[in-house]
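# Structure assessment
Read off the chains here:
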Amino acid sequence: MDGQKLSVLMEQFKPNYTKSELKLFNYIVENLESVMYNSLTELSERCIVGEATILRFCRKIGFNGYQEFKLAIAQELTMLRASLPDEDHFINRIKSNTLKAIGDTFDAIDEKQLEKAIDWIDNYDEIVVYGVGHSGLTALDLQSKLMRIGKNVQVVIDPHFQIMRSCSASERTLIIAISITGRTKDIVDSVGKAKENNAKVIAITSFVRSPLTKFSDIVLLTSGKENPLDGGSMVGKVSQLFVVDLLCTGFVMKDMEKAQHIKTVAAEAVTSKMY
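In short, a report on the structure. If you're wondering where the values come from, they're calculated on a predicted model, not measured in any experiment.

Right, let's get into the overall build of the protein. A count of helices and strands for the protein gives 14 helices and five strands. Principal-axis analysis of the C-alpha atoms gives the protein an extent of 70 × 50 × 35 Å. Expressed as a percentage of its 275 residues, the buried residues of the protein come to 43%. Put simply, of all contacts in the protein between residues at least 6 apart along the chain, 72% involve residues at least 24 apart. By element, 55% of the accessible surface of the protein is carried by carbon and sulfur atoms, the whole surface being about 15,000 Å². Put simply, the protein has 33 plus and 35 minus side-chain charges, and the middle of one group is 3 Å from the middle of the other.

Below, the structure is given as structure tokens:
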């Protein structure tokens, strides 16, 4: 607050903490790096304290809520890293982080859930993909890949249009919702409305417990958790695109001959657009 270091700020309020808040404080101090990537529910489970305790702790030290508190963690860690000598070239760091994102997403994928998602994409004719911000770009990539192999989908990246589209959803509609945090209010509200109309929902997200997953029939986990200062990072994007490729490749393998034919026709049509 007002430029004050978070670690110092938390220490100043230590005499006023309840027993549960002190338990939370000790965990945060010892695990600052990982807390930055934890959802409210995840931190609650790791500390074995209630979500209300965490929110009360954040307000006690001067923050409006948990997300503002996490932003302060990210800012403090960024300043700390900037003060350390750069022992690794940024090119190597980006390469390492990208490969790790793919490897961690590979480990997180539930193959049965993935196969079920592929079957639903194959069987549903009314498929709508939701995403906002950088997740909206991933939604457009999914549309591009599926169109090239013969599956038409609608992508909606405007939050107002998403909620309107959900109003006309039905049991014949499959929603694919893409959100790293699973806490983007526009996505959650739109998916909730679609579920009221009996639509099926596939979530592509990095958090197994989130408002989005509560409305989802299938959850495909990515590893690309971002800190509040890194929205749209390469790690988050790569992990989403990896899952998109798994879905599209799995769809192709269900009818390789048909998919290859459509892909060839599409490639020829696109080629005609070039000089």
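The discussion continues.
The subject of this paragraph is the environment of Arg165. Structurally, Arg165 is set in helix H10 (residues 159–167). Given a relative accessible area of 15%, Arg165 falls into the buried group. When the C-alpha positions of Arg165 and Leu212 are compared, they lie 17 Å apart, and in sequence the two are 47 residues distant. Setting aside residues up to four positions removed in sequence, Arg165 forms contacts with Glu126, Val128, Tyr130, Gln154 and Val156.

Of all eight residues that make up helix H4 (residues 40–47), six are buried, and the element is covered over most of its length. Considered for burial, the residues of H4 that qualify are Leu40, Thr41, Glu42, Leu43, Ser44 and Cys47. Two residues or fewer after H4 comes Ile48, characterised by a positive phi angle close to 55°.

The next point concerns the packing of helix H2 (residues 19–30) against H4. For any two helices packed against each other, the geometry comes down to the angle between their axes and how far apart the axes lie. Put simply, H2 and H4 touch, their axes get as near as 10 Å, and they point 105° apart. On the basis of their axis angle, the class for H2 and H4 is roughly perpendicular. Along its contact with H2, which presents Lys23, Leu24 and Tyr27, the element H4 presents Leu43, Arg46 and Cys47. The residue inventory of the contact of H2 with H4, partitioned by class, reads four nonpolar, no polar and two charged.

The next thing to look at is the environment of Asn198. As for its placement among the helices and strands, Asn198 is situated in the loop between helix H11 (185–196) and strand E4 (200–205). Between the C-alpha atoms of Asn198 and Arg172, which are 26 residues apart in sequence, the distance is 8.3 Å.

Here the focus is the pairing of strand E1 (residues 126–130). Most of E1 is tucked away, with four of its five residues classed as buried. The sheet contact formed by E1 and strand E3 (residues 173–178) spans five bridges and is parallel. Its bridge partner lying in E3, Tyr130 is registered against Ala177.

Looking now at the pattern of salt bridges. One pass over the structure, following the stated rule, counts 12 salt bridges. Taking the shortest distance from any N to any O, the salt bridge between Glu196 and Lys193 comes out at 3.2 Å. Within this pair, Glu196 and its partner Lys193 are both found in helix H11, separated by three residues, close to a single helical turn. On the basis of relative accessibility, which here comes to 57%, the residue Glu196 falls in the exposed class. Among the ionic contacts, a cluster of salt bridges with common partners joins Glu21, Arg56 and Lys60.

Quick look at the nonpolar core now. Counting 29 residues, the largest nonpolar core has Ile121, Val129, Leu146, Ile176, Ile202, Leu220 and Leu247 as the members making the most contacts within it. Residue assignment for this core shows that the elements contributing at least two residues are helix H8 (111–123), E1, helix H9 (134–148), E3, E4, strand E5 (218–221) and helix H13 (234–254). In terms of residue count, the dominant contributor to this core is H13 (six residues). Apart from the residues within four sequence positions on either side, Leu146 is in contact with Ile121, Lys151, Val153, Cys248 and Phe251. Core analysis: the second largest hydrophobic core is formed by 26 residues, Ile28, Ile61, Tyr66 and Leu77 among them.

Attention now goes to unusual backbone geometry. One non-glycine residue with positive phi stands out, namely Ile48, at about 55°. By secondary structure assignment, the location of Ile48 is in the loop between H4 and helix H5 (51–60). One non-glycine residue, Asn198, lies in positive phi territory at about 70°.

Procedures and definitions
- Residues take numbers from 1 onward in each chain, read along the sequence in its written order.
- Residue-level local features of this predicted model are given only where pLDDT is at least 70; pairs of side-chain atoms are given and counted only at 80 or more, and the full residue set underlies all totals for whole chains, interfaces and linings.
- Working from all heavy atoms in the structure, the side-chain values ignore hydrogens and water.
- Going along the chain from the N terminus, every DSSP run of H or I of four or more residues is numbered as a helix, and every run of E of two or more is numbered as a strand.
- The buried label goes to any residue with under 20% of its type's maximum accessible area, the exposed label to any with over 50%, and the partly exposed label to all in between, with areas taken from a 1.4 Å probe on protein chains only.
- Throughout, a residue-residue contact means that at least one pair of heavy atoms, one from each residue, lies within 4.5 Å.
- Surface exposure here means Shrake-Rupley accessible area, sampled with a 1.4 Å probe, where a residue is shielded only by the protein chains that are shown.
- Residues counted as positive are Lys and Arg, residues counted as negative are Asp and Glu, and His and the chain ends are not counted.
- Charge coordinates come from a single atom per side chain, which is NZ of Lys, CZ of Arg, CG of Asp or CD of Glu.
- Fitted lines through C-alpha atoms give the axes, limited to the stretch in contact for helices. The angle between two N-to-C directions lies from 0 to 180 degrees.
- Note on terminology: angles under 35 degrees are roughly parallel, angles over 145 are roughly antiparallel, angles of 65 to 115 are roughly perpendicular, and the others are oblique.
- Each residue is assigned to one of three groups, with Ala, Val, Leu, Ile, Met, Phe, Trp, Tyr, Cys and Pro labelled nonpolar, Asp, Glu, Lys and Arg labelled charged, and all others, Gly among them, labelled polar.
- A pair of strands is treated as paired once DSSP finds two or more bridges between them.
- Think of a salt bridge as a Lys or Arg side-chain nitrogen and an Asp or Glu carboxyl oxygen that are within 4 Å of each other.
- For the purposes of this section, nonpolar cores are sets of buried Ala, Val, Leu, Ile, Met, Phe, Trp, Tyr and Cys residues that join through side-chain atoms within 4.5 Å.

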